[in-house]
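# Residue-level structure breakdown
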Amino acid sequence: MSESTGLDDLFRFEEEAPARSGAGRGGRVRWLFRLLLTAAGVTAVILVGLRAVGLQLSLGIVVAGVLAVLAVRRVTTALAPPPPPRGGARPPAGEEPGAYNWAARDALRAAINGWERPLDWASNDPERFAERILPRLGELADERLRQRHGLTREADPTRARALLGEPLWSFLDAPSRRTPSPRDLAVIVAELEKI
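Described in the following lines is the structure provided in the data block. Bear in mind the structure is a predicted one, so any value in this text is a computation, not a measurement.

To continue, consider the overall build of the protein chain. Within the protein chain one finds eight helices and zero strands. Starting at the N terminus and walking to the C terminus, you meet the elements of the protein chain as α-α-α-α-α-α-α-α. Taken across its 195 residues, the protein chain has 16% of its residues classed as buried. When contacts within the protein chain are restricted to residue pairs at least 6 apart in sequence, those whose partners lie at least 24 apart make up 41%. Of the roughly 16100 Å² of accessible surface on the protein chain, 58% is carried by carbon and sulfur atoms.

Structure follows, in structure tokens:
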């Protein structure tokens, strides 16, 4: 913003002049002229490029191809969604409701469902828990060990056992005969997060 712009200039409101009826026709003629000029230029470039390579193609085919491409471009531009709001825009006034929209499809919900459904299915079935949930927890432990310490349970079991701690190691290594309670799972997850 220049230094000579005052508040009066910023807040001044001027009504737009109504569109003239002839402006639509002039706009169409201008658009058609621009389209033909663009088509002629692109056609000339394509023909020169083809001749430089030693290929010959009918002028009608090249013109038809260029016009088809320009028409598709025009249609896709007209059908394109509006651009997203700029990142610097102010958020809407007022407080957010603070409630999560559970009906929306997003990555957070997909991740939650990726754990919620199998946990629910395996809540009363130790065999299903050992089959479905325990391998996922083991993968999480291995990934944390790999990222933070550069090893996995399989690559260096002695060091992995020391890093995981005896309760978490035994939980992952020798599955229990019963499904762990939510409290036990919370302890296991807390131990995983400490890695």
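This part is about the side chain of Thr 43. Along the polypeptide, Thr 43 turns up in helix H2 (residues 23–53). Discounting chain neighbours no more than four positions away, the residues touching Thr 43 are Leu 59, Val 62, Val 63 and Val 66.

Turning to the pattern of salt bridges, a few remarks are in order. Tallied over the entire structure, the rule returns four salt bridges. The salt bridge involving Lys 194 is made with Glu 191; its shortest N-O contact spans 3.4 Å. Pair noted here: Lys 194 and Glu 191 are both in helix H8 (residues 182–194), with a separation of three residues, about one helical turn. Accessibility expressed as a relative area gives 64% for Lys 194, which makes it exposed.

Here we come to helix H3 (residues 59–79). Here H3 contains 21 residues, and its C-alpha end-to-end distance of 30 Å stays within 8% of the 30 Å for a straight helix at 1.5 Å per residue. Three or more residues of H3 are buried, namely Val 62, Val 66 and Leu 70. Take H3 and look down its axis: the buried residues cluster within an arc of 65°, on one side only. Exposed and facing more than 90 degrees away from the buried side of H3 are Ile 61, Val 72, Ala 78 and Leu 79.

Glancing now at the nonpolar core. Membership of the largest hydrophobic core comes to 18 residues, with the highest contact counts inside it found for Phe 129, Leu 137, Leu 164, Leu 168, Phe 171 and Leu 172. Of all the elements in the fold, those that place two or more residues in this core are helix H5 (126–149), helix H6 (157–164), helix H7 (166–173) and H8. Here this core gets six residues from one element, more than from any other, and that element is H5. With residues near it in sequence (within four places) discarded, Leu 137 still touches Trp 115, Phe 129, Phe 171, Leu 172, Leu 185 and Leu 192. If you look at the next biggest cluster of nonpolar residues, it comprises five residues, including Ala 39, Val 62, Val 66 and Leu 70.

On the surface, a nonpolar cluster with roughly 280 Å² of combined accessible area is contributed by Trp 31, Leu 32 and Leu 36. With respect to the helices, strands and loops of the structure, Leu 36 is situated in helix H2.

In this section: the side chain of Asp 142. Here Asp 142 shows up in helix H5. Dropping the residues within four chain positions of it, Asp 142 is found in contact with Leu 151, Thr 152 and Arg 153.

Bringing H7 into the picture now. By the burial criterion, the buried members of H7 are Leu 168, Trp 169, Phe 171 and Leu 172. Each buried residue of H7 sits inside an arc of 165° when the element is viewed along its axis, so together they form one side. Those residues of H7 that are exposed and aimed more than 90 degrees away from the buried face are Pro 167 and Asp 173. Of the surrounding secondary structure, the elements contacted by the buried residues of H7 are H5, H6 and H8.

Contact pair H6 / H7: the axes reach a minimum separation of 6 Å and the direction vectors enclose 120°. Here H7 runs oblique to H6, going by the angle between their axes. In contact with Pro 157, Ala 160, Arg 161 and Leu 164 of H6, H7 contributes Glu 166, Leu 168, Trp 169 and Leu 172.

Definitions and limits used
Residues numbered from 1 in each chain as written. Predicted model: local features only at pLDDT ≥ 70, side-chain atom pairs only at ≥ 80, totals over all residues. Heavy atoms only, no water. Helix = DSSP H or I, 4+ residues; strand = E, 2+ residues; numbered from the N terminus. Buried < 20%, exposed > 50% of the residue type's maximum accessible area, 1.4 Å probe, protein only. Contact = heavy atoms within 4.5 Å. Areas by Shrake-Rupley, 256 points an atom, 1.4 Å probe, with all protein chains shown as cover. Salt bridge = Lys/Arg side-chain N within 4 Å of Asp/Glu carboxyl O. Expected span 1.5 Å × (residues − 1). Arc of directions from axis to C-beta. Core = buried A, V, L, I, M, F, W, Y, C linked by side-chain atoms within 4.5 Å. Patch = residues over 30% accessible without salt bridge, like charges linked within 9 Å, V, L, I, M, F, W, Y side chains within 5 Å. Axes fitted to C-alpha atoms, helices over the stretch in contact; angles between N-to-C directions. Parallel < 35°, antiparallel > 145°, perpendicular 65-115°, else oblique.

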